[in-house]
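Observations on the model geometry
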Amino acid sequence: MSISPTENSDRAASAKTDAAPIKRSKKARLPAGRLTVDWLITLLVEDGWLEANVAVRARAAARENAADAEVHPLMVIGALKLDRADRFNEQLALEPLTEWLADVSSQPYVRIDPTKVEVQAMTALIPQAYARRHRILPIAADMDRVTIATSEPMAIDWVADLAPVLKREVRVVVCNPLDLHRYTLEFYGVSRSVRGMRDVGVVSGPTMPSFEQLVELGQAGEVGADDRHVVHIVDWLLTYAFDQRASDIHMEPRRDLGKVRFRIDGVLQPVFEMPTSVMIAVVSRIKVLGRLDLAERRRPQDGRIKTRSPGGREVEMRLSTMPTAFGEKCVLRIFDPETALKPLEALGFSHDEAAAWNLLVQRPNGIVLVTGPTGSGKTTTLYSTLKRLATSEVNVCTVEDPIELIAPEFNQMQVHQQIGLDFASGVRTLLRQDPDIIMIGEIRDLETAQMAVQAALTGHLVLSTLHTNDSPSAITRLMDIGVPHYLISSTLHGVLAQRLARTLCVSCKAPRDLSAQTWANLQQPGFELPRPQQEFGPVGCLDCRKTGFRGRVGLYELLTISPSLRSMIRGDFDLQTFTARAVETGMETLRLAAAAKVAEGLTTVDEVLGVLPSRD
């Protein structure tokens, strides 16, 4: 008669207690040592995750697929794509299997968030060979405790060895074996490259000295931009940024350690530190990729890089460098071309707003403006709109500074101030190119505004941007620049003001009471919306990296210049009266748009108040 592993452990426990009733802990269900497929499948059947007949086939299939001893048993089971017995139409995926293993072994479960790991400090705690042998990875540390992730919660003999060496308490947590394998390779790989760059022979070359530069005896020059360690670090940083949905990468040199930060959902987060000498070489490598002047480090430069994300889609990055006290600061702004292909509703437009905007930009001539601060999504809105307008029957031309995203559907011109090619002269050139639609990157001065007005008056549709707090303020801004009110009245058809607010994570958001005072803080005086009884708030989970937010949504204020509003654009233009009349005739303010998003459960009052203009 065969005895299952569970029965065998039960008999051993019974013998030790003279057949007394045993209340087994969860941990007692797993033997000490490395996990095996047989044990895990047995426990999955016990817990109702697998049918007994499925388990028999799973064991047979697992034996065939487990030839490589390095493959974790959970990964073997997950690869079989078995149906869960306790949930309809759901398979045994690796992540829920890992959570189950943590529960069975009575250990905390974590999903490694690479943006929260101090890579250099963590990899210095344990050698890579030791970490790989025991399937462990340090992920956090303070003065009293080191947190170490493992995919083998029953093989923790290493704790007794490490605790005296680390001189701190060791906290063991369970993580996904695939994540553990990936981040072990990545973290130790990039740390090895940083160390290699510090130790490698240096190549002499021009450099911009730090304002506090010290002369190190016996050292001179810098690491070459084509060094394999530099290439590895840059490739890792870019892949890392794509994986984390970063919109910007900031590389900031400091006195001793340079900092790398990612902007994720509009918030900057520190992700890595490296010696300033290493960062100088990394910035040099990025300048090579962006075809910038490698020898020039005293003045700002702009460039662009086009590459592919790990998923295979093309990604464009705008590169900007700036001299600082400790070296060149570099910022990469990441543009995903797929974003511009999204329907307007996916960007945050309501159905009515999308319809009104489409009518506005399909007019044969006139000026349509998009306003908002830097980072409010103006570029995305304009490119998304132009891609839909650029059919084979029309000629779409742009003049930009810089060109944010290369688009084959239309003709793009880059401003070059050094040779006298500014926005105004660029528009003047475009008017000789038989355009139907002209996009001006930004109206900054009177000359550019005059050229935009002239283009609109001569039968062209002009799209451009301004920096104003709301839609009606665009009229005041044009007047301040020096455009006569009668030209604004005759050419301006509409203004779209916008902001971006973080959206709540759909996996963890939870309802909470909404006080009357909190709702009142959001309302537009005289145009209050009915207060919902509750709003959704952030909680934090693995999907959103414990922030409670994932992604962003647009808030829009669309002003369409009707005949009655056009008659109010006079020399004695009054912004407050004009705004009140615009709201009366159908314009939804940014605050009303934000209140609607809160009522829909997409975001919170606190989040939108952080991006909206004040009510003063």
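Residues numbered from 1 in each chain as written. Predicted model: local features only at pLDDT ≥ 70, side-chain atom pairs only at ≥ 80, totals over all residues. Heavy atoms only, no water.

1. Details of the pattern of salt bridges
When the charged atoms of two side chains with opposite charge come close together, those side chains can pair. This is how it is decided: The salt bridge definition used is simple: a Lys or Arg side-chain nitrogen within 4 Å of an Asp or Glu carboxyl oxygen. A helix here means a DSSP run of H or I that spans at least four residues, while a strand means a run of E at least two residues long, and both kinds are numbered starting from the N terminus. Under the scheme applied here, a residue whose accessible area is under 20% of the maximum for its type counts as buried, over 50% as exposed, and between as partly exposed, the area being computed with a 1.4 Å probe on protein chains only.
Evaluation of the coordinates by the stated rule reveals 27 salt bridges. One salt bridge in this structure joins Arg111 and Glu95, with 3.8 Å as the shortest N-O distance. Of this pair, Arg111 sits in the loop between helix H5 (94–104) and helix H6 (119–123) while Glu95 is found in helix H5, placing the two residues 16 residues apart along the sequence. Here Glu95 falls in the buried class, since its relative accessible area comes to 16%. The partner of Lys387 in a salt bridge is Glu409, with the nearest N and O atoms 3.0 Å apart. With Lys387 in helix H14 (residues 378–389) and Glu409 in the loop between strand E11 (396–400) and strand E12 (411–414), this residue pair connects regions lying 22 residues apart in the sequence. Taking relative accessible area as the criterion, Lys387 reaches 17% and is therefore assigned buried. Here the salt bridges do not stand alone but share partners, grouping Glu95, Arg111 and Asp543 into one network.

2. Focus on the sheet that holds strand E5 (residues 257–264)
Rule in force here: By the convention used here, strands pair only if DSSP detects at least 2 bridges between them. For helices, the fitted line uses only the C-alpha atoms of the stretch in contact; every axis is such a line through C-alpha atoms, and the angle between N-to-C directions lies from 0 to 180 degrees. Any two residues whose heavy atoms approach within 4.5 Å are treated as being in contact.
Taken together, 6 strands build an open sheet; the order of strands is E6-E5-E4-E9-E8-E7 and the sheet is antiparallel. Each edge of the open sheet is held by one strand with a lone partner, namely strand E6 (267–275) and strand E7 (301–308). Averaged over all pairs of adjacent strands, the angle between their axes in this sheet comes to 20°, without regard to strand direction. Where strand E8 (residues 314–324) and strand E9 (residues 327–335) come together, 9 bridges link them in antiparallel fashion. Across the sheet, residue Met317 finds its bridge partner in E9, namely Ile334. Set on the sheet, helix H10 (residues 228–243) makes contact with strand E4 (246–252), E5, E6, E7, E8 and E9; between it and E4 the angle comes to about 145°.

3. Quick word on the pairing of strand E1 (residues 136–141)
Put simply, side chains in a regular strand alternate between the two faces of the sheet. Here 5 bridges tie E1 to strand E2 (residues 145–150), and the two strands are oriented antiparallel to one another. Its bridge partner being in E2, Leu137 is matched across the sheet by Ala149. Counting the residues between successive antiparallel strands, the hairpin from E1 to E2 contains 3 residues.

4. Digging into the side chain of Arg84
Here Arg84 shows up in the loop between helix H4 (73–79) and H5. In this structure Arg84 touches Trp49, Glu90, Gln91, Leu92 and Pro96, once residues within four positions along its chain are discounted.

5. Some points on the confidence of the model for the protein chain
For the record, the criterion: Per residue, pLDDT measures the predictor's confidence, with a range of 0 to 100.
Averaged over every residue, the pLDDT of the protein chain is 84; residues scoring 70 or more account for 89%. By mean pLDDT, helix H1 (residues 5–16) is the weakest element of the protein chain at 37, and strand E10 (residues 366–371) is the strongest at 96. With pLDDT under 50 throughout, residues 1–25 is counted as low confidence; its partners more than four residues away or in other chains account for 18 contacts. Low pLDDT (under 50) marks residues 201–223, which in the prediction has 31 contacts with non-local residues, meaning those over four places away or in another chain.

6. Structural notes on the nonpolar core
Keep this limit in mind: Residues grouped as a nonpolar core are buried Ala, Val, Leu, Ile, Met, Phe, Trp, Tyr and Cys residues, joined through side-chain atoms within 4.5 Å.
Judged by nonpolar contacts, the single largest core of 60 residues is most densely connected at Met251, Val260, Phe262 and Val282. Those residues in contact with Met251 that lie beyond four places of it in its chain are Leu237, Lys259, Val260, Met279, Val282, Ile286, Glu328, Lys329, Cys330 and Leu332. Of all hydrophobic cores here, the second largest spans 40 residues; its members include Val427, Leu430, Ile481 and Leu565.

7. Re the packing of aromatic side chains
Note the following rule: Pairing of aromatic side chains here covers Phe, Tyr and the six-membered ring of Trp, requires ring centres within 6.5 Å, and sorts the geometry by plane angle: under 30 degrees stacked, over 60 edge-to-face, intermediate tilted. We call a charge positioned above a ring when the Lys NZ or Arg CZ atom is no farther than 6 Å from the ring centre and deviates by at most 35 degrees from the ring normal.
Within this structure, the stated rule accounts for 8 aromatic pairs. Summarising the aromatic geometry, the rings of Trp49 and Trp100 are spaced 6.1 Å apart at their centres and angled 45° between planes, so their arrangement reads as tilted. Placement of Trp49 in the loop between helix H2 (37–46) and helix H3 (52–65) and of Trp100 in helix H5 is noted, with a sequence separation of 51 residues between them. In this pair, the class of Trp49 matches that of Trp100, namely buried. Relative to Phe578, the ring of Phe573 has its centre 5.1 Å away and its plane inclined at 55°; by these criteria the two rings are tilted. Taken as a pair, Phe573 and Phe578 share a single burial class, namely buried. Following the ring pairs from residue to residue traces out a cluster consisting of Trp236, Tyr240, Phe262 and Phe272. Over the aromatic face of Phe549 sits the side chain of Arg502, whose NZ or CZ is 4.1 Å from the ring centroid. Note that Lys509 overlies the ring of Phe536, its terminal NZ or CZ placed 4.9 Å from the centroid.

8. Points about the environment of Leu522
Looking at the secondary structure, you find Leu522 in helix H19 (residues 516–522). In this structure, the C-alpha to C-alpha distance between Leu522 and Asp606, residues 84 residues apart in sequence, is 8.9 Å. Excluding residues within four positions of it along the chain, Leu522 makes contact with Arg591, Ala594, Ala595, Val598, Val605, Val608, Leu609 and Leu612.

9. Some details on the environment of Arg87
Within the element layout of this structure, Arg87 appears in the loop between H4 and H5. Sequence separation between Arg87 and Gly48 is 39 residues, and the spatial gap between their C-alpha atoms is 9.8 Å.

10. Focus: H10
What sets the pattern is the α-helix's 3.6 residues per turn: residues three or four places apart point alike. We count it as follows: For a helix, the expected span equals 1.5 Å multiplied by the number of residues minus one.
With 16 residues, H10 extends 22 Å between its outermost C-alpha atoms, agreeing within 8% with the 22 Å of an ideal straight helix rising 1.5 Å per residue. Residues of H10 that are buried include every one of His229, Val230, Ile233, Val234, Trp236, Leu237, Leu238, Tyr240, Ala241 and Phe242, and no others.

11. Description of the sheet that holds E2
Strand order across the open sheet formed by 3 strands is E1-E2-E3, with mixed pairing between neighbours. On the outer flanks of this sheet lie E1 and strand E3 (169–174), each paired with one strand and no other. The sheet shows a mean angle of 30° between the axes of neighbouring strands, direction not considered. Inspection of the sheet shows E2 paired to E3 by 6 bridges, in the parallel sense. Counterpart to Arg145 in the pairing with E3 is Glu169.

12. What to know about the state of the cysteines
We apply this condition: Cysteine sulfurs are considered disulfide-paired once they come within 2.5 Å of each other.
Counted according to the given criterion, the structure contains 0 disulfides. Free of any disulfide, Cys508 has its nearest neighbouring cysteine sulfur in Cys541, separated by 3.7 Å. Relative accessible area serves as the criterion here: at 11%, Cys508 is assigned to the buried category. Between Cys541, a free cysteine, and Cys505, which holds the nearest cysteine sulfur, the sulfur-to-sulfur gap is 3.7 Å. Of the residues examined, Cys541 reaches a relative accessible area of 14% and is grouped as buried.

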